[in-house]
Amino acid sequence: MSLPLSSASAASAADQLRELQERIHLLQGRRNKEGAYPLLPCFSPLLPSGLRAGSAYSVEAPLSVAMALLAGASAEGEWCGVAGVPEFGAEAAAGFGISLERLVLVPDLGDRWLVTLSALADVLPLVLLRAPARASSGDASRLASRLRERGCTLIVLGPWPQSEGVIRAEAARWDGLGEGHGHLRSHPTQLAYSHRGRQRTTVVDLASVRAGTGRAAR
């Protein structure tokens with residue numbers, strides 16, 4: 001589902017959000033009773049308890065990593081939103097295991113992007129965001145209160161004030177590809193998660209995630 005949230009279609013978009021909220025309420029409970037959203041097994045060395053509900057995470061890594069982060073919760077039936085990422089491809093998302101039937105795409109957040117983001121947080125359990133502008137500490141604090149109240153987890157591509165932690169890609173390689181030929185066999189990516197002065201690392205084979213195995217690389 002794609003919501004055009006330009007200023008000219010704000011009223012229509014608001015109606016679509018309300019309709020979506022009603023649908024989600026009927027299909028699943030809005031609040032996360034477990035306190036965390038699941039991740040694929042390959043991410044357990046970084047976040048063994050999953051993504052904390054009501055928190056924001058900063059991802060300084062390729063979009064493919066963010067897709068893989070959404071895949072675990074999506075596979076368990078959660079709705080996901082992607083905001084401000086026009087290059088987010090449905091085919092690539094499906095390859096990572098994200099359910100397109102429970103995916104809301106908002107390529108353009110519009111000028112009042114924080115208001116739109118807050119509305120999405122009211123409706124959806126997980127939202128992937130690329131912020132069109134820098135958020136102030138005050139704006140981030142107000143949004144953090146909304147996230148905690150609604151149990152929504154925010155995954156931000158790039159830096160974000162007051163994030164729960166930062167996931168970074170430190171190195172990567174592609175195996176099986178030559179100069180204009182070959183098939184990708186593996187795409188091991190070294191990831192690090194920084195949280196309150198502590199860091200965990202692991203290597204995830206993103207090619208295996210797309211293949212449906214979701215394993216950590218060795």
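The structure displayed is predicted, hence computed values, not measured ones. (Residues numbered from 1 in each chain as written. Predicted model: local features only at pLDDT ≥ 70, side-chain atom pairs only at ≥ 80, totals over all residues. Heavy atoms only, no water.)

Draft legend 1. Spatial organisation of the environment of Cys152. Assignment of secondary structure puts Cys152 in the loop between helix H5 (137–150) and strand E7 (153–157). Here Cys152 falls in the buried class, since its relative accessible area comes to 1%. (Helix = DSSP H or I, 4+ residues; strand = E, 2+ residues; numbered from the N terminus. Buried < 20%, exposed > 50% of the residue type's maximum accessible area, 1.4 Å probe, protein only.)

Draft legend 2. Summary view of the side chain of Ser208. Mapped onto the elements, Ser208 comes out in helix H6 (residues 206–211). What makes Ser208 buried here is its relative accessible area of 2%. From its side chain, Ser208 meets the backbone oxygen of Asp205 in a polar contact 2.7 Å long. (Polar contact = N/O pair within 3.5 Å; in protein donor to acceptor, adjacent residues only side chain to side chain.)

Draft legend 3. Representation of the packing of aromatic side chains. Applying the stated criterion across every chain, the model contains 2 aromatic pairs. Plain terms: the ring middles of Tyr57 and Tyr193 are 6.4 Å apart, the flat faces sit at 40° to each other, and that makes the pair tilted. With Tyr57 in strand E3 (residues 56–60) and Tyr193 in strand E11 (residues 188–195), this pair connects stretches of sequence that are 136 residues apart. Exposure remark for Tyr57: the relative accessible area of 2% places this residue in the buried category. The exposure class of Tyr193 is buried, given its relative accessible area of 4%. Ring centres of Trp113 and Trp160 lie 6.5 Å apart, and the angle between their planes is 75°; this geometry places the pair in the edge-to-face category. On the criterion of sequence distance, the pair formed by Trp113 in helix H4 (residues 113–123) and Trp160 in the loop between E7 and strand E8 (165–172) is long-range, its members being 47 residues apart. (Phe/Tyr/Trp six-rings, centres within 6.5 Å; stacked < 30°, edge-to-face > 60°.)

Draft legend 4. Representation of the packing of H4 against H5 within the structure. Two elements in contact, H4 and H5, have axes separated by 9 Å at closest approach and are oriented at 15°. It follows from the interaxial angle that H4 and H5 lie roughly parallel. Handedness of the crossing formed by H4 with H5: right-handed. Contact with H4, carried on its side by Leu114, Leu117, Ser118, Ala121 and Asp122, involves Asp139, Leu143, Arg146, Leu147 and Arg150 of H5 and no other residues of that element. Here the contact of H4 with H5 is built from residues that sort into 5 nonpolar, 1 polar and 4 charged. (Axes fitted to C-alpha atoms, helices over the stretch in contact; angles between N-to-C directions. Parallel < 35°, antiparallel > 145°, perpendicular 65-115°, else oblique. Left-handed = near helix turned anticlockwise from the far one by under 90°. Contact = heavy atoms within 4.5 Å. Nonpolar A, V, L, I, M, F, W, Y, C, P; charged D, E, K, R; others polar.)

Draft legend 5. Molecular detail of the nonpolar core. Residues Phe43, Phe88 and Leu128 are the most contacted members of the largest nonpolar core, which totals 40 residues. Contributions of two or more residues to this core are made by E3, helix H2 (63–75), strand E4 (80–83), strand E5 (103–106), strand E6 (126–129), E7, E11 and H6. At 9 residues, the largest contribution of residues to this core is made by H2. Leu128 has contacts with Leu63, Ala66, Leu70, Gly81, Val82, Ala83, Phe88, Ile155 and Leu157, leaving out every residue within four places of it along the chain. Core analysis: the next-biggest nonpolar cluster, separate from the first, contains 22 residues, Leu109, Leu120, Val127 and Leu143 among them. (Core = buried A, V, L, I, M, F, W, Y, C linked by side-chain atoms within 4.5 Å.)

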